[in-house]
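Residues per chain are reported as follows:
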Amino acid sequence: MKKKTKSLKKKLIRELKPAWDIYTDKEKKKVLEYGNGFRNFLSLVKTERETVEWMRSNAERNGFEVDSKKKGKKFYKVNQNTSIALSILGSKPVSEGVRIVVSHIDSPRLDLKPNPLYEEIELALFRTHYYGGIKKYQWTAIPLSLHGIIIKENGKKIKINIGDNPEDTVFTIADLLPHLYRKTQSQKKISEAIEGEKLTLLAGSIPFPDNEEKERVKLAVMEILYNKYGIKEADFISAEIEVVPAMPARDVGFDRSMVGGYGQDDRICGYTSFSAINAIKNPEHSTLALFVDKEEIGSVGATSAQSQFLVDCIREIISRKEKTSTFDKIRNVFNSSKALSGDVNAAINPNYQNVLEEKNAAKLGYGVVLTKYTGAGGKYGTNDASAEFLSEIRGLFNKNKVIWQTGELGKVDEGGGGTVSQYIAQYGIETVDCGPALLGMHSPFEICSKADLYETFKAYRAFLKS
Ligand code: MN
Ligand code: MN
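The rules behind the values
- Residues numbered from 1 in each chain as written.
- Chains lettered and ligands numbered in written order.
- Predicted model: local features only at pLDDT ≥ 70, side-chain atom pairs only at ≥ 80, totals over all residues.
- Heavy atoms only, no water.
- Axes fitted to C-alpha atoms, helices over the stretch in contact; angles between N-to-C directions.
- Helix = DSSP H or I, 4+ residues; strand = E, 2+ residues; numbered from the N terminus.
- Parallel < 35°, antiparallel > 145°, perpendicular 65-115°, else oblique.
- Contact = heavy atoms within 4.5 Å.
- Nonpolar A, V, L, I, M, F, W, Y, C, P; charged D, E, K, R; others polar.
- Donors = N, O, S within 2.8 Å, 3.2 Å for Na, K, Ca; no water.
- Polar contact = N/O pair within 3.5 Å; in protein donor to acceptor, adjacent residues only side chain to side chain.
- Buried < 20%, exposed > 50% of the residue type's maximum accessible area, 1.4 Å probe, protein only.
- Arc of directions from axis to C-beta.
- Pairing = 2+ DSSP bridges.

### Here's the deal with the packing of helix H4 (residues 48-61) against helix H8 (residues 264-278)
Now for step 1: With their axes 12 Å apart at the nearest point, H4 and H8 run at an angle of 5° to one another. Taken together, the axis directions place H4 and H8 in an arrangement best described as roughly parallel. Every residue of H8 that contacts H4 at Glu 48, Thr 51, Trp 54, Met 55, Asn 58 and Ala 59 is listed here: Arg 267, Gly 270, Tyr 271 and Phe 274.
Now for step 2: Here the residues of the contact of H4 with H8 sort into five nonpolar, three polar and two charged.

The following block contains the structure:
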């Protein structure tokens, strides 16, 4: 190439490199180690409740006090056991706004129905209803674990966590053998091959020893549950039991550059924003890391991004800074606040490159992804971030040496999806989507690059400090 062309190209054309080409050996080591911490977190924490518990105890250890104490500059607030927020008060007046990173800690899964246990051909089974967008066939023929709670009529709460300890028993959805699936499955569309009502878990096969009775296996399973947990069939009505893959997260690839595991959408942003707020001291603006529930079913209800929890958190920050919080003050703080909506995007899959448009799609290992808009069918259902805010954020990332790329959730007419950003933006908060890209999103084994994971942490830390 001629020298002039080369220098013009360097000046004018945006060129991206894999993060691995940018890192020094020392940085590479740090990135891989950070990935190991995330892998352990993913193996340990598989539901929104478990995430809240994990965050609560780690926040306490790192000097965040529970909101009711009303003393320190660092506090946390829990909303109905499935969403949580951490905050550090800044040195500037609160009227200059709050820096917010919001992510969701629920993931697609199966939930047990309120009357789950039944018997068919001398097998005990659990009925489920799937939560969020899953490809149903991915959930058959794999080991599954049960996580959640059962609350008896007297209010006693029983925690359930079976299947993730290597000695535990597991549950599974038996699939049809390929020898006999011609009419029942193979001729159907993939989305219809497995029906929702057929996502039933094998739960036992030894009958209760009384030949005269019916449904003896169901009775025998209930007896085991009664002896172990003291529960009766009706107690499933007041329960939340989630069925999730019973596998630990693992490193992926010879170079161990990727992490595979369940629940990365969106606990990857939960983990990185939690570690980011724990990594900053004495910020100028007050900061808030918000972790919400129910994103996968449309951000509905009392614990989602559309709930009043964000308002309660901002009110708490104002009253700690200025003793009283009025409606005017709250509105002013919202209007001067800024937020990153931490959620995952789709990375180009080597086998299915055609669903994304290459120049605007995210690539694994190219850093954290800034997503101006998500949505589907003509940007329907998205917060389309402003040019002003994107200018500010890319400047901030470049100043802080964050490796970043842009992303788009699919080709124009291909499909799409949403995040919580539109619900945060409606308060008047400048908001943009920002998080890593995954392969196999919503599957039982999602994959991220450890480089993108680390750059997401760096991005959130830089933003919360700004
Ligand atoms: Mn998500
Ligand atoms: Mn999702």
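### Let's talk about the coordination of the manganese ion (ligand 2)
Now for step 1: Bound to the manganese ion (ligand 2) are the protein donor atoms Asp 265 (OD), Glu 296 (OE), Glu 296 (OE) and His 442 (NE2), situated 2.1 to 2.5 Å from the metal.
Now for step 2: Binding-site remark: the manganese ion (ligand 2) is held by donors from one chain whose sequence spacing is D-x30-E-x145-H.
Now for step 3: A separation of 3.4 Å is found between the manganese ion (ligand 2) and the manganese ion (ligand 1), both of which receive a donor from Asp 265. Within this pair, whereas Asp 265 is found in helix H8, its partner Glu 296 is found in the loop between strand S13 (286-292) and helix H9 (309-322), the two being separated by 31 residues in sequence.

### What about the side chain of His 147?
Now for step 1: Within the fold, His 147 resides in strand S7 (residues 144-151).
Now for step 2: Within the structure, the side chain of His 147 is placed 2.6 Å from the side chain of Glu 50, a separation counted as a polar contact.
Now for step 3: Reaching out from His 147, the side chain makes a polar contact with the side chain of Asp 164 at a distance of 2.6 Å.
Now for step 4: With near-sequence residues (within four places) excluded, His 147 lies in contact with Lys 46, Thr 47, Glu 50, Ile 160, Asn 161, Asp 164, Glu 240, Ile 241, Glu 242 and Val 244.

### Digging into the packing of helix H3 (residues 25-44) against helix H13 (residues 450-465)
Now for step 1: Direction vectors running N to C along H3 and H13 enclose 90°, while the axes themselves pass 9 Å from each other. Accordingly, the angle class assigned to the pair H3 and H13 is roughly perpendicular. Between H3 and H13, the contacting residues are Lys 30, Val 31, Leu 32, Tyr 34, Gly 35, Asn 36, Phe 38 and Arg 39 on the first element and Lys 450, Ala 451, Leu 453, Tyr 454 and Phe 457 on the second.
Now for step 2: Split into classes, the residues belonging to the contact of H3 with H13 amount to eight nonpolar, two polar and three charged.

### Here's the deal with helix H10 (residues 327-336)
Now for step 1: Within the span of H10, buried status applies to Ile 330, Val 333 and Phe 334. Burial along H10 is one-sided: seen end-on, the buried residues are contained in an arc of 100°.
Now for step 2: Of the surrounding elements, those touching the buried residues of H10 are strand S4 (98-104) and H9.

### Describing the pairing of strand S12 (residues 258-261)
Now for step 1: Relative to S12, strand S11 (residues 250-252) is paired through three bridges, and the arrangement is antiparallel. Following the sheet pairing, Asp 251 is matched in S12 by Val 259.
Now for step 2: In this antiparallel pair of consecutive strands, S11 and S12, the connection spans five residues, and Gly 253 shows a positive phi of 95°.
Now for step 3: Of the pairings in the sheet, the one linking S12 to strand S22 (residues 446-449) comprises four bridges and is antiparallel in character. Pairing of Met 258 across the sheet is with Ser 449, part of S22.

### Points about the coordination of the manganese ion (ligand 1)
Now for step 1: On the protein side, the manganese ion (ligand 1) has His 104 (NE2), Asp 265 (OD), Asp 343 (OD) and Asp 343 (OD) as donor atoms, found 2.1 to 2.5 Å from it.
Now for step 2: With a relative accessible area of 1%, His 104 lands in the buried category.

### A word on the sheet that holds S11
Now for step 1: With antiparallel pairing, the three strands of this open sheet are ordered in space as S11-S12-S22. Each having just a single partner strand, S11 and S22 make up the two edges of the open sheet. Each strand axis lies, on average, 35° off the axis of its neighbour in the sheet, ignoring direction.
Now for step 2: Its contacts with the sheet put H3 on S11, S12 and S22, and the angle it makes with S12 is roughly 0°.
Now for step 3: Sheet strands touched by H13: S11, S12 and S22. Its angle to S22, the strand with the most contacts, is close to 70°.

### Section: the sheet that holds strand S8 (residues 157-162)
Now for step 1: Read from one edge to the other, the open sheet built from six strands follows the order S8-S7-S10-S5-S6-S9, with strand pairing classed as antiparallel. What marks the edges here is a single partner per strand, and that holds for S8 and strand S9 (201-204). Each strand axis lies, on average, 30° off the axis of its neighbour in the sheet, ignoring direction.
Now for step 2: Note that strand S5 (residues 109-120) and strand S10 (residues 239-245) share two bridges and pair antiparallel. Among the inter-strand pairings, Asp 111 is bridged to a residue of S10, identified as Glu 242.

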